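Spelled out from the first residue to the last, the chains are:
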Amino acid sequence: MIRVGLLGCGNVAEVIAKDNIGFEISALYDMDIRHAKHLSELTGAPAFENFEEFLSSDFDIVVEAASVSAVLTHAESVLTSGKDMIILSVGAFADPEFSANIKETANKFKRTVRIPSGAIMGLDNLKIGQISDMKRLLLRTTKNPRSLGIETDEKILLFSGRADECIKKYPKNINVAVALEIASGHEVDVELWADPEADRNTHEIFAEGEFGEFYLRIKNNPCPDNPATSYLAALSVITLLKNLEEPIKIGT
Ligand SMILES: NC(=O)C1=CN([C@@H]2O[C@H](COP(=O)(O)OP(=O)(O)OC[C@H]3O[C@@H](n4cnc5c(N)ncnc54)[C@H](O)[C@@H]3O)[C@@H](O)[C@H]2O)C=CC1
Ligand SMILES: O=C([O-])CC(=O)C(=O)O
């Protein structure tokens, strides 16, 4: 059975820890030790205060559900320690230097970094953008102002521009845009809306290219303890782990 070390023991990690299908939680690390200890009580896995001790303990793969800054700080040492990694805070890859360095390190140490589809769908076949022309790719995300850390009585456009700029301003809310960029191999335009009427996190994807046209809208239920994060993001990681060692892979 795959043994998982959780980097980040918040809201997504708790869903993963509770629904461990085909894998076991073997180590826990969070910069807030209380969060790691809470999951330790649920899973029986040890909670580490020191990142190096966490990393050298006995498990196969680090599942990151922490923050963009945690990825920037720790991803390289995870790979050099000989462990694979699943990265949910994919916004870190908007930094081209970091991205190139992780690719080089993963190659050198023969490790794999997997980026789950997270809070969106449709990512698999948008990869065709890597080999065929795509002339429009837009992500329109709408969340409740509370999730975005602001207050407003009316629906407002908070950001319109490139994904790599948006993730700098909203690192906890728009990782999906960077996932779209990596999958499609194209720049993504982003609109981020705050809507006080929104009780779900909605992502709309508009794509147009050599293949034809594509529109997708997903209305995500929020996670129980963090309305900014969609429940789907946790399900996506669990499903990725469940299928990790399957010999037949589905999806592009
Ligand atoms: N790719 C995607 O589609 C999605 C990505 N996300 C991202 O996943 C991550 C986890 O989300 P949630 O569980 O809802 O967040 P959360 O805020 O509930 O939990 C994050 C946990 O990580 C810990 N943490 C943060 N920075 C850390 C660091 N540098 N070192 C160690 N621990 C650290 C925090 O103390 C907290 O316990 C967030 O970065 C979020 O933006 C969330 C939803 C969708
Ligand atoms: O959970 C979501 O709907 C999207 C999200 O927070 C992110 O991409 O960072």
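As the structure is a prediction and not an experimental result, all values here were calculated from the model. (Residues numbered from 1 in each chain as written. Chains lettered and ligands numbered in written order. Predicted model: local features only at pLDDT ≥ 70, side-chain atom pairs only at ≥ 80, totals over all residues. Heavy atoms only, no water.)

Close contacts around ligand 1 come from 25 residues, with D30, H35, S67, S89 and T229 the closest. Separating an oxygen atom of ligand 1 from a backbone N or O atom of N11 is a distance of 3.0 Å. S89 has a polar side-chain atom sitting 2.7 Å from an oxygen atom of ligand 1. For ligand 1, whose accessible area on its own is 870 Å², the fraction buried by protein is 87%. (Near = heavy atom within 4 Å. Polar contact = N/O pair within 3.5 Å; in protein donor to acceptor, adjacent residues only side chain to side chain. Areas by Shrake-Rupley, 256 points an atom, 1.4 Å probe, with all protein chains shown as cover.)

Before going further, it helps to spend a moment on the sheet that holds strand β10 (residues 201-209). Overall, mixed pairing links the five strands, which are arranged β8-β9-β7-β10-β11 in an open sheet. Because the sheet does not close on itself, it has two edges, and the strands there are β8 (156-162) and β11 (212-220). Taken over all neighbouring pairs, the strand axes of this sheet differ in orientation by 10 degrees on average, direction set aside. Against the sheet, helix α8 (residues 175-184) engages β7 (134-143), β8, β9 (189-194) and β10, with an angle of about 160 degrees to β7. (Pairing = 2+ DSSP bridges. Helix = DSSP H or I, 4+ residues; strand = E, 2+ residues; numbered from the N terminus. Axes fitted to C-alpha atoms, helices over the stretch in contact; angles between N-to-C directions. Contact = heavy atoms within 4.5 Å.)

Time to look at helix α4 (residues 68-80). Look at α4: 19 Å from first C-alpha to last across 13 residues, which is about the 18 Å you get at 1.5 Å a residue. At H74, α4 is deflected by roughly 45 degrees, the largest bend along its length. Regarding α4, the residues found buried are V68, A70, V71, H74, A75, V78 and L79. G82 sits one or two residues past α4 and shows a positive phi near 95 degrees. (Expected span 1.5 Å × (residues − 1). Bend = angle between axes of the 7 residues up to and from the residue. Buried < 20%, exposed > 50% of the residue type's maximum accessible area, 1.4 Å probe, protein only.)

All quantities given are derived from atomic positions and should not be read as evidence of function.
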